[in-house]
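One letter stands for each residue in the lines below.
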Amino acid sequence: MRCPRHETQHVSRTGFTLSAARRTLHDLTPRTVVLIGSMTDLGIPIPGSEWTVGQAAAHLARDAELYAQYAQGIARPASTARTDLAGSHHRKLAERMTQGTPQLGTDLQLGIDTFLTATEGRVAEDLLPWHRGALPCITMTGLLIGEQLLHGYDIAQALNVEWPIGEQPARLTVQAVMPVLPALVDSEAATRINTAYE
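Below is a summary of the structure that appears in this document. Position numbers for residues count from 1 along each chain, tracking the sequence in the order it is written. Given that this is a predicted model, residues contribute local features only at a pLDDT of at least 70 and side-chain atom pairs are listed and counted only at 80 or more, while totals for whole chains, interfaces and linings are drawn from all residues. Where side-chain values are given, they derive from all heavy atoms of the structure, hydrogens and water being excluded.

## Quick word on the nonpolar core
Residues belong to one nonpolar core when they are buried, are Ala, Val, Leu, Ile, Met, Phe, Trp, Tyr or Cys, and are joined through side-chain atoms within 4.5 Å. Remark: exposure states derive from per-residue accessible area (1.4 Å probe, protein chains only) relative to the maximum for the residue type, with buried under 20%, exposed over 50%, and partly exposed in between. Membership of the largest hydrophobic core comes to 47 residues, with the highest contact counts inside it found for Y67, F115, W130 and M140. Each helix is a run of H or I in the DSSP string that is no shorter than four residues. Each strand is a run of E no shorter than two, and both are numbered from the N terminus. Put simply, the parts of the chain that give this core at least two residues each are α1 (18-37), α2 (53-71), α3 (85-97), α4 (101-119), β1 (127-130) and α5 (137-159). In terms of residue count, α2 provides more of this core than any other element does, twelve residues in total. By definition in these notes, contact holds between two residues if any of their heavy atoms fall within 4.5 Å. Ignoring sequence-local partners within four residues, the contact set of F115 consists of L25, Y67, A68, A71, L128, M140, T141 and L144.

Take a look at the structure:
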């Protein structure tokens, strides 16, 4: 059930507001679209990664579309066997890359616009479908910010252009990622690692 628009000011347990996250995502996306549009060779490798700039851009466009579907209430837009997750993802990125940089940028912007429209009026802790579970709206919004910051940085490094990351977007990203870390980290491998960030 949707809630009154003013309730988007609700502060989540992570300490930041959904309205701030929505503004950040709204303002960041056109910058990412311009960066993608500046790519003239999709095959340029990203330093320190197995991906190319084209794969990173295709990933951003695909995730934006996927999150938009989740926001519209589609719990599992795609069904893939666990044994073929990596192969399926690679094939989908390759297929999307054939569309070229203008379409990748258009798809990214459309996906984010659809996500923001579908989540307008939600409160921070409203649960939305996410892969095989559910996440608070504010967490999913923060994850979309993080995707653009991270892969935008990757693309910018490969193209040798600047990609400044502001303090607030970075904080939003870190705070959004924290609740999903158990799903992203190999718990057995992590037991032997001690890390910290400031």
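## Section: the pattern of salt bridges
In the sections that follow, a salt bridge refers to a side-chain nitrogen of Lys or Arg positioned within 4 Å of a carboxyl oxygen of Asp or Glu. Going through the model one piece at a time under the given rule, you end up with four salt bridges. The residue R96 makes a salt bridge to E65 at a minimum N-O spacing of 3.1 Å. Of the two residues, R96 sits in helix α3 while E65 sits in helix α2, which places them 31 residues apart along the sequence. By relative accessible area, E65 is classed as partly exposed at 38%. Across the salt bridge formed by R96 and D107, the nearest N and O atoms sit 3.1 Å from each other.

## Some words on the pairing of strand β2 (residues 133-136)
When DSSP finds two or more bridges between a pair of strands, those strands are recorded as paired. By the bridge criterion, four bridges tie β1 to β2 in an arrangement that is antiparallel. Bridge pairing in β2 places L127 opposite P136. Taking the residues that link successive antiparallel strands as the turn, the β1-β2 hairpin has two residues, and the phi of H131 there is positive, at about 50°.

## A look at the environment of L60
Mapping L60 onto the fold places it in helix α2. The class of L60 is buried, set by a relative accessible area of 3%. Along the chain, L60 and D107 lie 47 residues apart, while their C-alpha atoms are 8.9 Å from each other. Setting aside residues no more than four positions away along its own chain, L60 makes contact with T32, I36, L108, E147, Q148 and H151.

Any functional reading would require information beyond the geometric quantities listed.
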